[in-house]
Structures are given as C-alpha cells and as structure tokens.
Amino acid sequence: MYNKQVTGGIITLLFVLFLIYEPDYKNVNNIPKSGLLVFAHRGFGNYGPDNSLAAVRMAIEAEIDGVDLDGQMTVDGKLVIYHDPKLDRLTDGTGSLKEKTLAQLKELDLGFKFGEKFRGEKISTYEDVLKEVNGRLKIFVELKTSTIGSDSSEDIAVGLIQKYNAHDWAYLSSFNPFVLYRIKKLDEKVKTMFIFKDVNVDPDILKEIHPTDTKGIPWMLRNEFCRSLIRRWTKPDFLSAEITVNKKTVRKLIGKGYPLFLWPPNNEGDILQSINDNPYGIITDEPILAKNMRVQL
C-alpha cells in the first residue's frame with residue numbers, strides 16, 4: 001500500500017513538473033537572426049491604406065524588413081487580405097466580409113477613406129500579395145479564424161506558399177492554436193507565429209471593428225500557463241506578444257530563445273522600450289521611425 005502511494009505521488013509530481021516546465025526553444029528550421037527586425041503593421045502602418053497592396057509597395061520601397069497583414073475567407077472560398085470582419089470602417093461598402101464574394105469585394109474602394117491619392121485601391125487576395133512581394137520582404141499574414149474547425153484558410157495559404165516557393169519569406173500567424181496546429185500538419189516547413197496578449201480587447205475597439213464579437217479573446221489565450229501548453233502543442237516558429245504582456249513573461253520567452261516580436265510600439269518611448277527588451281523584432285505603425293531608431297542605437 002505504501003509503495004503504491006509513493007509511486008502514485010511520484011507519477012503525480014512528474015506530471016505536474018511536465019505541465020509547469022517548458023524547455024528552451026530549439027527549432028533548427030528557423031531563419032537566423034541578423035539584428036532587430038522591423039515589420040510594418042497592417043501593410044505600412046499609419047502611411048498607407050490598411051492591408052492594401054499600395055501599403056505593401058510602400059514598405060518595399062522603404063526597405064522595411066517585413067509587413068504584417070490579415071487574412072480572411074470570402075463566401076466563395078477565397079483568401080483575401082483585410083482586417084475587420086465588417087466592411088463599413090475601411091471601405092465604401094457595408095456588411096460582413098465573409099458574406100461577400102471576391103467579385104463583390106473587388107467592386108469596393110479600400111483607399112479613399114485613408115486619402116484621396118489612394119482612391120481606387122482594391123481589396124487584394126493573398127495570392128495577389130505573394131505575387132507582388134516575390135521575396136522582396138517578409139510577410140506575416142494572420143489567419144483570422146475564431147472557430148475550432150477549419151474554414152479552409154490554412155489549406156489555401158499553405159498551398160499558395162508551396163506554389164510560389166515562399167517558405168523562406170511568407171509566414172502564417174494566428175491567435176488560434178488550432179489554426180497553427182493544422183498548418184504544421186499540412187506542411188511542417190511553413191513557418192508559424194503564435195500571437196497573444198494578457199488583456200482582452202478594449203470594449204470600444206471591439207465594438208468598432210468587431211460589433212458581433214461580445215467576448216473578444218478567450219481567457220485561456222490570455223493565461224500564460226495555458227499558452228505554455230499551447231506552444232508545446234503547436235510548436236510555433238515565432239511568437240508575437242502585445243507590448244502590454246507582462247515583462248517577466250517576455251523576458252522568460254526571449255531567454256528561452258524564442259524569436260519573439262513585440263506589437264505595436266508606435267511612439268518613441270514604446271519603440272525604445274521594445275528595442276531594449278531585445279526581441280527578435282517589432283511590428284509597428286511607425287516603421288520608418290523604428291528603422292531610424294534601430295540605426296541610432
């Protein structure tokens with residue numbers, strides 16, 4: 001009886017240690033680091049229409065290291081680059097993006113609300129962006145899928161990365177661990193990034209851009225213990241932490257060797273703080289400012 005209790009106690013202790021302990025990051029397939037990387041948030045941050053090809057071209061011309069974009073599925077099964085679930089804020093259209101066909105989306109103007117010189121800019125597909133970039137910078141595209149089941153965005157994105165031989169410069173990101181898991185099952189060479197934050201979405205922002213979403217980010221994705229289990233399960237190549245994430249968590253993950261991006265530091269103070277945290281890179285709406293500060297430091 002005593003031996004059984006001891007054995008049971010040891011097994012329980014080992015199980016608890018397994019849950020608590022997270023090994024160092026050791027992904028030999030990851031790209032080597034060559035200094036802090038600066039990525040432009042949503043294309044070219046504050047200087048181009050949100051998630052537009054025009055913004056991507058601006059980032060290329062400015063020799064930014066990469067761009068961070070958002071991907072969603074249309075009702076006819078096309079993967080397009082667009083941030084909000086609704087069309088009202090960023091275009092001259094209305095209603096839900098996922099209820100529109102690609103042809104209907106192509107009729108909308110994505111640029112005029114940002115500035116008159118961008119009038120006529122159209123919503124692009126993921127394939128449009130891959131063809132435009134063609135390896136001239138790196139791309140993170142967040143697949144915005146909130147369900148456990150697949151909406152086929154992973155299949156399309158992975159297929160296009162394979163088609164354009166873009167494994168070295170086109171990466172896929174998500175808050176959703178099931179998306180990241182499915183990507184690796186489809187092609188383990190496709191690089192993934194797990195996005196996370198400690199706090200829920202601001203209610204005012206949630207109401208503005210996600211009017212049908214009343215919950216925001218699930219609690220388990222805001223809990224570091226749960227995220228540790230998720231990292232071991234999905235094996236992401238990169239991490240993307242909002243700048244409000246607990247600094248101890250950030251330092252721990254960087255110390256374990258994770259290539260971690262911080263987002264979105266958008267003023268000199270936040271950019272300087274983020275650079276001093278020694279991340280792999282930053283994702284910012286002020287990419288030129290961040291690039292210049294990187295050079296000066």
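Note that the structure is predicted; figures quoted are calculated from it, not measured. (Residues numbered from 1 in each chain as written. Predicted model: local features only at pLDDT ≥ 70, side-chain atom pairs only at ≥ 80, totals over all residues. Heavy atoms only, no water.)

Asks: What's the story with the packing of helix H5 (residues 153–163) against helix H6 (residues 177–186) in this structure? I'm lost.
Replies: For any two helices packed against each other, the geometry is given by the interaxial angle and the distance between the axes. Packing of H5 against H6 leaves a shortest axis separation of 10 Å and a crossing angle of 40 degrees. Classified by the angle their axes make, H5 and H6 are oblique. Pair H5 / H6 crosses with right-handed handedness. Between H5 and H6, the residues in contact are Glu-154, Asp-155, Val-158 and Gln-162 and Val-179, Arg-182, Ile-183 and Leu-186, respectively. Here the contact of H5 with H6 is composed, by residue class, of four nonpolar, one polar and three charged. (Axes fitted to C-alpha atoms, helices over the stretch in contact; angles between N-to-C directions. Helix = DSSP H or I, 4+ residues; strand = E, 2+ residues; numbered from the N terminus. Parallel < 35°, antiparallel > 145°, perpendicular 65-115°, else oblique. Left-handed = near helix turned anticlockwise from the far one by under 90°. Contact = heavy atoms within 4.5 Å. Nonpolar A, V, L, I, M, F, W, Y, C, P; charged D, E, K, R; others polar.)

Asks: Any chance you could explain the nonpolar core here in plain terms?
Replies: If you look at soluble globular proteins, the nonpolar side chains tend to sit buried side by side. Residues Tyr-126, Ile-139, Leu-172, Leu-260 and Phe-261 are the most contacted members of the largest nonpolar core, which totals 68 residues. Sorting elements by how many residues they give to this core places helix H2 (residues 53–61) first, with five residues. One finds Leu-87, Leu-102, Leu-105 and Leu-108 within the second-largest nonpolar core, a separate group that totals 10 residues. (Core = buried A, V, L, I, M, F, W, Y, C linked by side-chain atoms within 4.5 Å. Buried < 20%, exposed > 50% of the residue type's maximum accessible area, 1.4 Å probe, protein only.)

Asks: Teacher, can you tell me more about the packing of helix H4 (residues 126–133) against H5 here?
Replies: Contact pair H4 / H5: the axes reach a minimum separation of 10 Å and the direction vectors enclose 25 degrees. When the interaxial angle is binned, H4 and H5 end up roughly parallel. Two packed elements cross with a definite hand, and for H4 against H5 that hand is right-handed. Where H4 approaches H5, its residues Tyr-126, Glu-127 and Leu-130 are matched on the opposing element by Ala-157, Leu-160, Ile-161 and Lys-163.

Asks: Mind showing me how you'd approach the side chain of Glu-121 here?
Replies: Structurally, Glu-121 can be placed in the loop between helix H3 (102–106) and strand E4 (124–125). This buried residue, Glu-121, is left without a salt bridge; Arg-57 holds the nearest opposite charge, at 4.5 Å. Within the local environment of Glu-121, its side chain forms a polar contact with the backbone nitrogen of Ala-54, the two atoms lying 3.1 Å apart. Residues contacting Glu-121, with those up to four places away along its chain left out, are Ser-52, Leu-53, Ala-54, Leu-108, Asp-109, Leu-110 and Gly-111. (Lys, Arg positive; Asp, Glu negative; His and termini not counted. Salt bridge = Lys/Arg side-chain N within 4 Å of Asp/Glu carboxyl O. Polar contact = N/O pair within 3.5 Å; in protein donor to acceptor, adjacent residues only side chain to side chain.)

Asks: Teacher, can you tell me more about the packing of aromatic side chains here?
Replies: To describe a pair of aromatic rings, you give the distance between the ring centres and the angle between the ring planes. Under the criterion given, the structure shown has 16 aromatic pairs. Ring plane angle 85 degrees and centroid distance 6.4 Å describe the contact between Phe-175 and Trp-263, whose orientation is recorded as edge-to-face. Linking Phe-175 in the loop between strand E6 (170–174) and H6 with Trp-263 in strand E9 (residues 260–263), this pair joins segments that are 88 residues apart in sequence. The residues Phe-175 and Trp-263 share a single accessibility class, namely buried. With centroids separated by 5.9 Å and ring planes inclined at 35 degrees, the aromatic side chains of Phe-194 and Phe-196 adopt a geometry described as tilted. (Phe/Tyr/Trp six-rings, centres within 6.5 Å; stacked < 30°, edge-to-face > 60°.)

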